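Chains, contacts and geometry: an overview
Next come the chains, spelled out residue by residue.
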Amino acid sequence: EEGAAAALAALAPGSGPAALPTVAEGWIRRITTRGRRLGLLDSPEEADALADRLRALLISRRGAPGIEVWRDRKEDSRFVLNLPAFLEADGGFDAAGYAAAVATGVQVLDILGQGRASRLRVGFADLAGLLAAFRLPYGGEEAQAVAAAIAALAQGAAEAESGRLAARHGALHPVALIWPEPPAETAVPGLAAAARAALDAAAASPGLRHQGCV
């Protein structure tokens, strides 16, 4: 597509014709190689599994790191998830897939920060597009509840992954337990329960690797 082609060209300026697999494999390889070198990925198999998850996120347009990662810049990195890409064929929201994508983003940013970054920037994009798909007026109470649940799900999934990393590599921060209470229900079936479960999983962590993840 023209827009996607222009975006890809902007990510790889001056390098001639660009192909998504070629450009993406560059930063995927850097991440997995760095993860192995730092001991944040325990085996070649774990590195390959992370690479496969990143390729799947790109192909499905569900998520990708920020431009600084594509261009190998030495600055704070971010990972962004595309909310409408998590819509399911039956009209639901793939909460489990979204939580898994958040966890992948946390792992990637932890590696890029060499296991020492206290804050990671994992975010989401196109909330308006997701709400439009559910036919919820932007700014209405139902839309606000969906947005709050998605934010809570992201927070819980990110901090639960930080807890898993802490269990492997050592906790650096306590569990804060200062999250806003997610809505009890939303117009999207299962979303509120998934958010609650993710926060509960994070709260059960003995400690966190990061002070903040979203």
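The structure reproduced in this document is the subject of the present report.

Calculation criteria
- Residues numbered from 1 in each chain as written.
- Predicted model: local features only at pLDDT ≥ 70, side-chain atom pairs only at ≥ 80, totals over all residues.
- Heavy atoms only, no water.
- Phe/Tyr/Trp six-rings, centres within 6.5 Å; stacked < 30°, edge-to-face > 60°.
- Helix = DSSP H or I, 4+ residues; strand = E, 2+ residues; numbered from the N terminus.
- Buried < 20%, exposed > 50% of the residue type's maximum accessible area, 1.4 Å probe, protein only.
- Core = buried A, V, L, I, M, F, W, Y, C linked by side-chain atoms within 4.5 Å.
- Contact = heavy atoms within 4.5 Å.
- Expected span 1.5 Å × (residues − 1).
- Arc of directions from axis to C-beta.
- Pairing = 2+ DSSP bridges.
- Right-handed = clockwise from strand over helix to strand, strands pointing away.
- 1 Å grid on protein atoms, 1.4 Å probe; cavity = no way out; pocket = protein on both sides within 12 Å on 5 of 7 lines; lining within 4 Å.
- Points joined across faces, edges and corners; volume = space filled by probe spheres on them.
- Nonpolar A, V, L, I, M, F, W, Y, C, P; charged D, E, K, R; others polar.
- Axes fitted to C-alpha atoms, helices over the stretch in contact; angles between N-to-C directions.
- Parallel < 35°, antiparallel > 145°, perpendicular 65-115°, else oblique.
- Left-handed = near helix turned anticlockwise from the far one by under 90°.

**Re the packing of aromatic side chains**
Following the criterion strictly, the structure yields 4 aromatic pairs and no others. Arranged with centres 5.3 Å apart and planes meeting at 85°, the rings of Phe86 and Tyr98 form a pair that is edge-to-face. Of this pair, Phe86 sits in the loop between strand S2 (78-82) and helix H5 (95-112) while Tyr98 sits in helix H5, placing them 12 residues apart in sequence. Among the residues examined, Phe86 registers a relative accessible area of 0% and is labelled buried. Through a chain of ring-to-ring contacts, three or more aromatic side chains come together here, namely Phe86, Phe93 and Tyr98.

**A word on the nonpolar core**
A general trend in soluble globular proteins is that nonpolar side chains are found buried together. In this structure, Trp27, Trp70, Phe93, Tyr98, Val102, Leu153 and Leu191 are the most contacted members of the largest nonpolar core, which totals 55 residues. In terms of residue count, helix H7 (residues 141-169) provides more of this core than any other element does, 10 residues in total. Not counting residues up to four positions away in its chain, the partners in contact with Leu191 are Phe93, Val146, Ala149, Ile150, Leu153 and Thr186.

**Thoughts on helix H8 (residues 191-203)**
For H8, built from 13 residues, the straight-helix expectation of 18 Å at 1.5 Å per residue is met to within 8% by its first-to-last C-alpha distance of 18 Å. For H8, every residue scored as buried is listed here: Leu191, Ala192, Ala195, Ala198, Leu199 and Ala202. Projected onto a plane normal to the axis of H8, the buried residues spread over an arc of 125° and lie on a single side. Taken together, the buried residues of H8 touch H7.

**Thoughts on the pairing of S2**
Across the two faces of S2 the burial differs, with Phe79 and Leu81 buried and Arg78, Val80 and Asn82 not buried at all. Sheet analysis places strand S1 (residues 63-65) next to S2, joined by 3 bridges and oriented antiparallel. Looking across to S2, one finds that Ala64 is bridged to Val80. Both S2 and strand S3 (residues 121-125) contribute to a ladder of 5 bridges, which runs parallel. Opposite Leu81, over in S3, you have Phe124 as the bridge partner. Each parallel crossover has a hand, and for S2 linked through H5 to S3 it is right-handed.

**A look at the layout of surface pockets**
Quantified by volume, the largest pocket comes out at close to 600 Å³. What lines the largest pocket is a set of 21 residues, among which Ala7, Leu58, Arg61, Ala64 and Trp70 lie closest to the centre. Secondary structure elements with two or more residues in the lining of the largest pocket: helix H1 (2-11), helix H3 (44-59), S1, helix H4 (67-70) and S2. Counting residues per element, the lining of the largest pocket draws most heavily on H1, which supplies 5 residues. Across the lining of the largest pocket, the residue classes tally to 15 nonpolar, 3 polar and 3 charged. Around the second largest pocket, the lining is made up of 20 residues, and of these Glu75, Asp76, Ser77, Leu112 and Gly113 lie nearest the centre. When residues of the lining of the second largest pocket are traced back to their parent elements, those giving at least two are helix H2 (20-38), H4 and H5. When residues in the lining of the second largest pocket are grouped by element, the largest group, 4 residues, is from H2. When the residues that make up the lining of the second largest pocket are grouped by side-chain class, the tally is 7 nonpolar, 3 polar and 10 charged.

**Comments concerning the side chain of Ser162**
For Ser162, the position within the fold is in helix H7. In this view, Ser162 contacts Val106, Leu208, Arg209, His210 and Cys213; residues no more than four positions away in its chain are not counted.

**Some points on the packing of H7 against H8**
One can describe the packing of H7 onto H8 by two numbers: an axis separation of 7 Å at closest approach and a directional angle of 30°. Here H7 lies roughly parallel to H8, going by the angle between them. Of the two elements, H7 crosses H8, and the hand of that crossing is left-handed. Contacts from Val146, Ala149, Ile150, Ala152, Leu153, Gln155, Gly156, Ala157, Glu159 and Ala160 of H7 reach H8 at Leu191, Ala194, Ala195, Ala198, Leu199, Ala201 and Ala202.

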